[in-house]
Amino acid sequence: MDQDHFKQILLDMKEEVSGRINSIDRDIRHEGMSADWAEQASERENDEVLESLGNSSEQELEMIKFALLRIEDGSYFHCDKCGEEIPPARLELLPFTAYCVNCAEKIEA
Ligand SMILES: [Zn+2]
(Lines give C-alpha, C1' and ligand atoms only; values in the text may rest on other atoms or scores of the structure.)
Protein backbone atom coordinates (compact mmCIF):
# COMPACT_ATOMS: atom_id res chain seq x y z
CA MET A 1 0.00 0.00 0.00
CA ASP A 2 1.21 3.45 -0.85
CA GLN A 3 1.78 5.24 2.41
CA ASP A 4 3.38 8.28 0.78
CA HIS A 5 0.23 8.84 -1.24
CA PHE A 6 -1.83 9.20 1.94
CA LYS A 7 0.86 11.20 3.65
CA GLN A 8 0.74 13.73 0.82
CA ILE A 9 -3.06 13.93 1.03
CA LEU A 10 -2.85 14.51 4.78
CA LEU A 11 -0.15 17.16 4.46
CA ASP A 12 -2.27 19.00 1.89
CA MET A 13 -5.31 18.76 4.18
CA LYS A 14 -3.28 19.98 7.13
CA GLU A 15 -2.18 23.03 5.20
CA GLU A 16 -5.71 23.75 4.04
CA VAL A 17 -7.25 23.37 7.51
CA SER A 18 -4.48 25.44 9.16
CA GLY A 19 -5.11 28.18 6.63
CA ARG A 20 -8.83 28.03 7.36
CA ILE A 21 -8.22 28.30 11.12
CA ASN A 22 -5.96 31.31 10.61
CA SER A 23 -8.48 33.15 8.49
CA ILE A 24 -11.28 32.39 10.99
CA ASP A 25 -9.09 33.78 13.79
CA ARG A 26 -8.51 36.93 11.76
CA ASP A 27 -12.26 37.31 11.17
CA ILE A 28 -13.07 36.90 14.86
CA ARG A 29 -10.54 39.54 15.83
CA HIS A 30 -12.22 41.97 13.41
CA GLU A 31 -9.36 43.76 11.91
CA GLY A 32 -10.81 47.09 10.85
CA MET A 33 -13.88 46.86 13.11
CA SER A 34 -16.89 48.96 12.19
CA ALA A 35 -18.37 51.53 14.58
CA ASP A 36 -21.93 50.80 13.51
CA TRP A 37 -23.92 49.17 16.33
CA ALA A 38 -26.31 47.19 14.14
CA GLU A 39 -23.42 45.86 12.22
CA GLN A 40 -21.62 44.93 15.39
CA ALA A 41 -24.62 42.92 16.57
CA SER A 42 -24.67 40.94 13.38
CA GLU A 43 -20.93 40.52 13.61
CA ARG A 44 -21.39 38.97 17.04
CA GLU A 45 -23.85 36.48 15.62
CA ASN A 46 -21.41 35.79 12.86
CA ASP A 47 -18.71 35.21 15.47
CA GLU A 48 -20.64 32.34 16.97
CA VAL A 49 -20.88 30.69 13.59
CA LEU A 50 -17.19 31.31 13.00
CA GLU A 51 -16.31 29.95 16.41
CA SER A 52 -18.11 26.68 15.92
CA LEU A 53 -16.57 26.45 12.48
CA GLY A 54 -13.22 27.13 14.12
CA ASN A 55 -13.76 24.40 16.69
CA SER A 56 -14.63 21.77 14.12
CA SER A 57 -11.61 22.82 12.09
CA GLU A 58 -9.40 22.44 15.18
CA GLN A 59 -10.83 18.97 15.68
CA GLU A 60 -10.17 18.14 12.07
CA LEU A 61 -6.61 19.38 12.43
CA GLU A 62 -6.07 17.17 15.47
CA MET A 63 -7.31 14.14 13.56
CA ILE A 64 -5.03 14.95 10.63
CA LYS A 65 -2.04 15.32 12.96
CA PHE A 66 -2.90 12.02 14.62
CA ALA A 67 -3.15 10.30 11.24
CA LEU A 68 0.28 11.68 10.29
CA LEU A 69 1.70 10.26 13.54
CA ARG A 70 0.13 6.93 12.68
CA ILE A 71 1.86 7.06 9.29
CA GLU A 72 5.19 7.74 11.03
CA ASP A 73 4.86 4.80 13.40
CA GLY A 74 3.55 2.49 10.68
CA SER A 75 0.09 1.90 12.15
CA TYR A 76 -1.81 3.99 9.61
CA PHE A 77 -3.38 1.08 7.75
CA HIS A 78 -4.61 -0.56 10.93
CA CYS A 79 -7.56 0.34 13.10
CA ASP A 80 -6.48 2.11 16.28
CA LYS A 81 -9.07 0.19 18.23
CA CYS A 82 -9.23 -3.40 17.03
CA GLY A 83 -6.05 -3.58 14.91
CA GLU A 84 -7.92 -4.78 11.82
CA GLU A 85 -6.73 -3.48 8.49
CA ILE A 86 -8.55 -0.36 7.30
CA PRO A 87 -9.48 -0.78 3.60
CA PRO A 88 -7.64 1.74 1.39
CA ALA A 89 -10.97 2.71 -0.17
CA ARG A 90 -12.07 3.96 3.24
CA LEU A 91 -8.83 5.88 3.67
CA GLU A 92 -9.28 7.49 0.28
CA LEU A 93 -12.62 8.75 1.49
CA LEU A 94 -11.54 9.65 5.05
CA PRO A 95 -7.76 9.95 5.06
CA PHE A 96 -7.69 11.05 8.70
CA THR A 97 -9.75 8.22 10.13
CA ALA A 98 -8.04 6.05 12.74
CA TYR A 99 -10.73 3.38 12.85
CA CYS A 100 -12.23 0.68 10.67
CA VAL A 101 -15.91 0.97 9.73
CA ASN A 102 -17.07 -1.30 12.55
CA CYS A 103 -15.24 0.59 15.30
CA ALA A 104 -16.18 4.00 13.89
CA GLU A 105 -19.82 2.96 14.04
CA LYS A 106 -19.45 1.84 17.64
CA ILE A 107 -17.73 5.06 18.63
CA GLU A 108 -20.32 7.26 16.96
CA ALA A 109 -23.25 5.28 18.35
ZN1 LIG B 1 -11.60 -1.51 14.27
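Throughout what follows, the structure given in this document is the object of discussion.

The rules behind the values
Residues numbered from 1 in each chain as written. Predicted model: local features only at pLDDT ≥ 70, side-chain atom pairs only at ≥ 80, totals over all residues. Helix = DSSP H or I, 4+ residues; strand = E, 2+ residues; numbered from the N terminus. Rg over C-alpha atoms; globule rule 2.2 N^0.38 Å. Contact = placed C-beta atoms within 7 Å. Buried ≥ 20, exposed ≤ 12 C-beta atoms within 10 Å, placed from the backbone. Expected span 1.5 Å × (residues − 1). Core = buried A, V, L, I, M, F, W, Y, C linked by C-beta atoms within 7 Å.

To continue, consider the overall build of the chain. Along the chain, the regular secondary structure elements total four helices and zero strands. A compact globule built from 109 residues would reach a C-alpha radius of gyration of about 13 Å, whereas the chain, at 18 Å, exceeds it by more than 25%. The principal-axis extents of the C-alpha atoms in the chain amount to approximately 55 × 30 × 20 Å. Across the chain, the fraction of contacts at a sequence separation of at least 24, relative to all contacts at a separation of at least 6, is 58%.

It is worth spelling out the environment of E60 at this point. Summarising the element assignment, E60 is placed in helix α2 (residues 37-72). The partly exposed category is assigned to E60, around which 17 C-beta atoms lie within 10 Å. With 55 residues separating them along the chain, E60 and H5 place their C-alpha atoms 19 Å apart.

Further remarks concern the environment of K106. Looking at the element boundaries, K106 is found in helix α4 (residues 101-108). A C-alpha to C-alpha distance of 26 Å links K106 and Q3, two positions 103 residues apart in sequence.

Attention now moves to helix α1 (residues 3-29). Over its 27 residues, α1 extends 39 Å from the first C-alpha to the last, a length consistent with the 39 Å expected when each residue adds 1.5 Å. Turning to α1, its buried residues are F6, L10 and V17. Just beyond α1, the residue with positive phi is H30, at close to 50°.

Residues F6, L10, V17, I64, A67, Y76, I86, F96, A98, Y99 and C100 constitute the largest nonpolar core, which totals eleven residues. Among the secondary structure elements, those contributing two or more residues to this core are α1 and α2. If we ignore the near neighbours within four places in the chain, the residues touching F96 are L10, M13, M63, I64 and A67.

So, on to the environment of G54. Mapped onto the elements of the fold, G54 is located in helix α2. Residue contacts for G54: discarding those within four places in its chain leaves I21 and I24.

Interpretation note: all reported values are geometric properties and have no functional meaning in isolation.
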